[in-house]
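# Chain and residue survey
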Amino acid sequence: GDRRGSAVNQLQGRVASVVALGPFLKVSIDCGVRIVAAISGNVARELSLEPGCAVTMALRPADLYVIPRG
């Protein structure tokens, strides 16, 4: 079948900032462009995400959302 919709893109980057938002953390990652992700606090703690740490992001196209600034 057609699996293009579930293909995983990988990006290398560094965590720029981590901000608590209730049960989630807003994690800003610099990988040449700035990507912002909402990650559950439990997952962020397991990964020890903090500013400056190197990360590899695995992104499925179906999980990406574009939010206009304004």
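Keep in mind it's a predicted model, so treat the numbers as computed, not measured.

### Things to note about the overall build of the protein
- A count of helices and strands for the protein gives one helix and four strands.
- Helices and strands in the protein line up, N terminus first, as β-β-β-α-β.
- With the C-alpha coordinates aligned to their principal axes, the bounding extent of the protein is approximately 40 × 30 × 25 Å.
- For the protein, long-range pairs separated by at least 24 residues make up 49% of all intrachain contacts whose partners lie at least 6 apart in sequence.

### Focus on the environment of R45
- Checked against the element boundaries, R45 lands in helix α1 (residues 41–47).
- Overall, R45 belongs to the exposed group, its relative accessible area being 58%.
- Through-space distance from the C-alpha of R45 to that of S17 is 14 Å; in sequence the pair is 28 residues apart.
- Polar side-chain contacts of R45 include one of 2.8 Å to the side chain of N42.

### Some points on the pairing of strand β3 (residues 34–40)
- Judged from the seven bridges that link them, strand β2 (residues 24–30) and β3 form a sheet pairing that is antiparallel. Its bridge partner being in β3, I29 is matched across the sheet by I35.
- The hairpin turn running from β2 into β3, its antiparallel successor, is three residues long, and G32 in that turn takes a positive phi close to 95°.

### Observations concerning the nonpolar core
- Core analysis: the largest hydrophobic core is formed by 11 residues, namely V15, L25, V27, I29, I39, A44, L49, C53, V55, M57 and L59.
- Of all elements in the fold, only β2 and β4 (54–59) reach the threshold of two or more residues within this core.
- The residues contacting L25, other than those within four sequence positions of it, are V18, V19, A20, A37, A38, I39, G41 and A44.

### What about the side chain of S28?
- By the element assignment, S28 lies in strand β2.
- On the basis of relative accessible area, S28 is assigned to the buried category, the value being 7%.
- Setting aside anything within four residues of it in sequence, one finds S28 in contact with R14, V15, A16, S17, R34, I35 and V36.

Conventions and cut-offs
Residues numbered from 1 in each chain as written. Predicted model: local features only at pLDDT ≥ 70, side-chain atom pairs only at ≥ 80, totals over all residues. Heavy atoms only, no water. Helix = DSSP H or I, 4+ residues; strand = E, 2+ residues; numbered from the N terminus. Contact = heavy atoms within 4.5 Å. Buried < 20%, exposed > 50% of the residue type's maximum accessible area, 1.4 Å probe, protein only. Polar contact = N/O pair within 3.5 Å; in protein donor to acceptor, adjacent residues only side chain to side chain. Pairing = 2+ DSSP bridges. Core = buried A, V, L, I, M, F, W, Y, C linked by side-chain atoms within 4.5 Å.

All quantities given are derived from atomic positions and should not be read as evidence of function.
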